[in-house]
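Summary of the model geometry
Residue strings, one per chain:
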Amino acid sequence: MNVQVEVTNRSLKHYTKKASVYKNLDELKRHMMTFVLYYNHQIKLKSLKYQPSFDIIILEFERNTSNSNHHPNHTLLGLNILFCAKHIT
């Protein structure tokens, strides 16, 4: 268990802290959220037979829908148009 935590922490440090310098806390938070979305939806983990973790969640939901109150796709983060429009203009 600790090995998995160490590997995850090393990945977080590699892709965030050591990758760039952040101007403020909001920039770090944005980059962290981008990394988390990338990790959950794109990284194929050996422990999950080389599938992304979100794909496993979807498969488990489809196999037994009684485990959850709503479809996992409904919890996805999307483009916040108000946030983007505020920062673009």
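Residues numbered from 1 in each chain as written. Predicted model: local features only at pLDDT ≥ 70, side-chain atom pairs only at ≥ 80, totals over all residues. Heavy atoms only, no water.

Right, let's talk about the overall build of the protein for a bit. Looking only at helices and strands, the protein has four helices and zero strands in total. Per-residue burial for the protein yields a buried fraction of 11% across its 89 residues. Put simply, 11% of the contacts in the protein that link residues at least 6 apart link residues at least 24 apart. Approximately 7,800 Å² of the protein is accessible, and the part contributed by carbon and sulfur atoms is 58%. (Helix = DSSP H or I, 4+ residues; strand = E, 2+ residues; numbered from the N terminus. Buried < 20%, exposed > 50% of the residue type's maximum accessible area, 1.4 Å probe, protein only. Contact = heavy atoms within 4.5 Å. Areas by Shrake-Rupley, 256 points an atom, 1.4 Å probe, with all protein chains shown as cover.)

For the rest of this paragraph, the subject is the packing of aromatic side chains. Within the structure shown, the criterion is met by one aromatic pair. Ring geometry for Phe35 against Tyr39: centres 5.8 Å apart, planes inclined by 35°, an arrangement best described as tilted. Residue Phe35 and its partner Tyr39 are both found in helix H2 (residues 25–41); the two are separated by four residues, about one turn of the helix. The class for Phe35 is buried, based on a relative accessible area of 8%. (Phe/Tyr/Trp six-rings, centres within 6.5 Å; stacked < 30°, edge-to-face > 60°.)

With that out of the way, let us pick up helix H3 (residues 53–63). Along H3, the residues that are buried comprise Ser53, Phe54, Ile58 and Phe61. One face of H3 carries all of its buried residues, which in axial projection span an arc of 145°. On its buried face, H3 sits against H2. (Arc of directions from axis to C-beta.)

With that settled, the discussion passes to the pattern of salt bridges. The tally for this structure, following the rule as stated, stands at one salt bridge. Here Glu60 and Arg63 are joined by a salt bridge, their closest N and O atoms 2.3 Å apart. Of this pair, Glu60 and Arg63 are both found in helix H3, three residues apart, which corresponds to roughly one turn of the helix. Residue class for Glu60 comes out partly exposed when judged on its relative accessible area of 37%. (Salt bridge = Lys/Arg side-chain N within 4 Å of Asp/Glu carboxyl O.)

Attention now goes to the confidence of the model for the protein. Chain-level statistics for the protein give a pLDDT mean of 75 and a share of 75% at 70 or above. Across the protein, element-level confidence peaks in H3 with a mean pLDDT of 86 and bottoms out in helix H4 (residues 81–88) with 44. (pLDDT = per-residue confidence, 0-100.)

Moving on, we get to H2. Here H2 spans 24 Å end to end across 17 residues, near enough to the 24 Å set by a 1.5 Å rise per residue. The opening residue of H2 is Asn24, an N-cap whose side-chain oxygen sits 3.3 Å from the backbone nitrogen of Asp26. (Expected span 1.5 Å × (residues − 1). Polar contact = N/O pair within 3.5 Å; in protein donor to acceptor, adjacent residues only side chain to side chain.)

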